[in-house]
Amino acid sequence: MQHRNRSARIAVLGSPAPRSRPAGLSSRNATAVKRRVVAGVLVLLSLVLITVYFREPAGGGLHSVQSTGATILRPFEVGANRVAAPFRDVYGWFSGLIHAKSENARLRRQVDILTQRVIRNTNAAEENASLRSQLHFVGLPRFPQDFDPVATEVITRAPSEFQQQIGIAAGKSRGIRVDDPVVTADGLVGKISAVADDQAQVTLLTDPSSSVSALDLETKATGIVGHGQAPGTLTLLRVQKAQTLNPRDTIVTQHWKFGDLTSVYPAGIPIGYISGASNTEVDLYWQAQVSPRVHFDSLDKVIVLVPKKRLGR
């Protein structure tokens, strides 16, 4: 009996036990197959319906079904449009605002570019006019024949009530020396008071330290022009009462020579015109004001008069 049970146990242990297939795996495979079949049927049905739809007349069944469906869904479509309309309007408003800002920035850039061009063209036109005026002045018969013109630009400006000078972009390298007269096409500016290789300082006629011998071009009265009581004004001094001064008379430089001494200014350079003149019984001289022809506060280009016959040149 024991031998038989042991044999049976050995037989059971030695034989392979049958394994059952997992139920979940077969179920998933079946579901996937069904989905593929359904998808294939739907695709085939769609192709058939599309073919029939395009081949049947306009009054066919599928066209009627489409028209009926469109009629049924029309209220939903209208409602959806009404619901979506505010959102579309808001989107359109933001889109328009962004576009407007972008367009505004673009137009501003164009305005800046055009403004810069206008400024450059205006400056070029003014510079061209100034150069032509200088060339015209140099070619006039009244230009001092004993001097060479050195045209240059004003690079610094430091006018004050008691000290009025400007800096120019020309110096010793172009033959300029101290006391050389400085003019524009309008008239006398002043004279060189300091000079370097490529720059120089000009003391204006309106500076308290400046003075020049002057002549009334109409009456031939003589005197000395110096700075006036107000900044940018001039005064005609030392004109004797026996001489005549009239309003609007033109005042020009008077050249003089006394022994080895000579005036640094050539004759006939315009200074200004008489704007007022008076005297009393006790006055020895006229009290006269001169309005300068040169606009000292807006100088940008000047001409230095360099003597042609200078010792050491």
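Above: the structure in question.
All of the points below concern the structure found in this document.

What follows covers the sheet that holds strand E6 (residues 211-216). Think of a sheet as strands paired side by side through backbone hydrogen bonds, with each pair either parallel or antiparallel. Here 6 strands make up a closed barrel; going around it, the order is E6-E7-E8-E13-E12-E9 and the pairing antiparallel. On average, each strand axis in the sheet is inclined to that of its neighbour by 40 degrees, with strand direction left out of account. The pairing of strand E9 (residues 250-253) with strand E12 (residues 270-278) spans 3 bridges and is antiparallel. Opposite Ile 251, over in E12, you have Gly 272 as the bridge partner.

Our focus in this paragraph is the sheet that holds strand E2 (residues 165-168). Taken in spatial order, the 6 strands of this closed barrel run E1-E2-E5-E4-E3-E14, and their pairing is antiparallel. Between one strand axis and the next, the sheet turns through 45 degrees on average, direction left out of account. The sheet contact formed by strand E3 (residues 181-183) and strand E4 (residues 188-195) spans 3 bridges and is antiparallel. Within the sheet, the bridge partner assigned to Pro 181 lies in E4 and is Lys 191.

Below, the discussion takes up the environment of Val 178. Inspection of the secondary structure assignment puts Val 178 in the loop between E2 and E3. In this structure the C-alpha to C-alpha distance between Val 178 and Ser 193, which are 15 residues apart in sequence, comes to 5.3 Å.

Moving on to the nonpolar core. Core analysis: the biggest nonpolar cluster contains 41 residues, and Leu 236 and Ile 271 have the highest contact counts within it. Aside from chain neighbours lying at most four places away, what touches Ile 271 is Leu 188, Leu 205, Val 212, Ala 214, Val 225, Leu 234, Ile 251, Val 252, Thr 253, Ser 291, Pro 292 and Arg 293.

This part covers the pairing of E9. For E6 and E9, the ladder comprises 3 bridges, and the chain directions are antiparallel. Within the sheet, the bridge partner assigned to Ala 214 lies in E9 and is Thr 253.

Conventions and cut-offs
Counting of residues starts from 1 at the beginning of each chain's written sequence and follows it residue by residue. With the structure being a predicted model, the display of local features is reserved for residues of pLDDT at least 70 and the display and counting of side-chain atom pairs for 80 or more, all residues being used for whole-chain, interface and lining totals. Hydrogen atoms and water are omitted, and side-chain values are computed over all heavy atoms in the structure. Pairing between strands requires that DSSP locate at least two bridges from one strand to the other. A run of H or I in DSSP counts as a helix once it spans at least four residues, and a run of E counts as a strand once it spans at least two, with each numbered from the N terminus. Here an angle of 0 to 180 degrees is reported between the N-to-C directions of two axes, which are lines fitted to C-alpha atoms, with helices fitted over the stretch in contact. The definition of a nonpolar core used throughout is a set of buried Ala, Val, Leu, Ile, Met, Phe, Trp, Tyr and Cys residues joined through side-chain atoms within 4.5 Å. Think of it in three bands: residues with accessible area under 20% of the maximum for their type are buried, residues over 50% are exposed, and the middle band is partly exposed, with areas taken using a 1.4 Å probe on protein chains only. Residue contacts are counted whenever heavy atoms from the two residues lie within 4.5 Å of one another.

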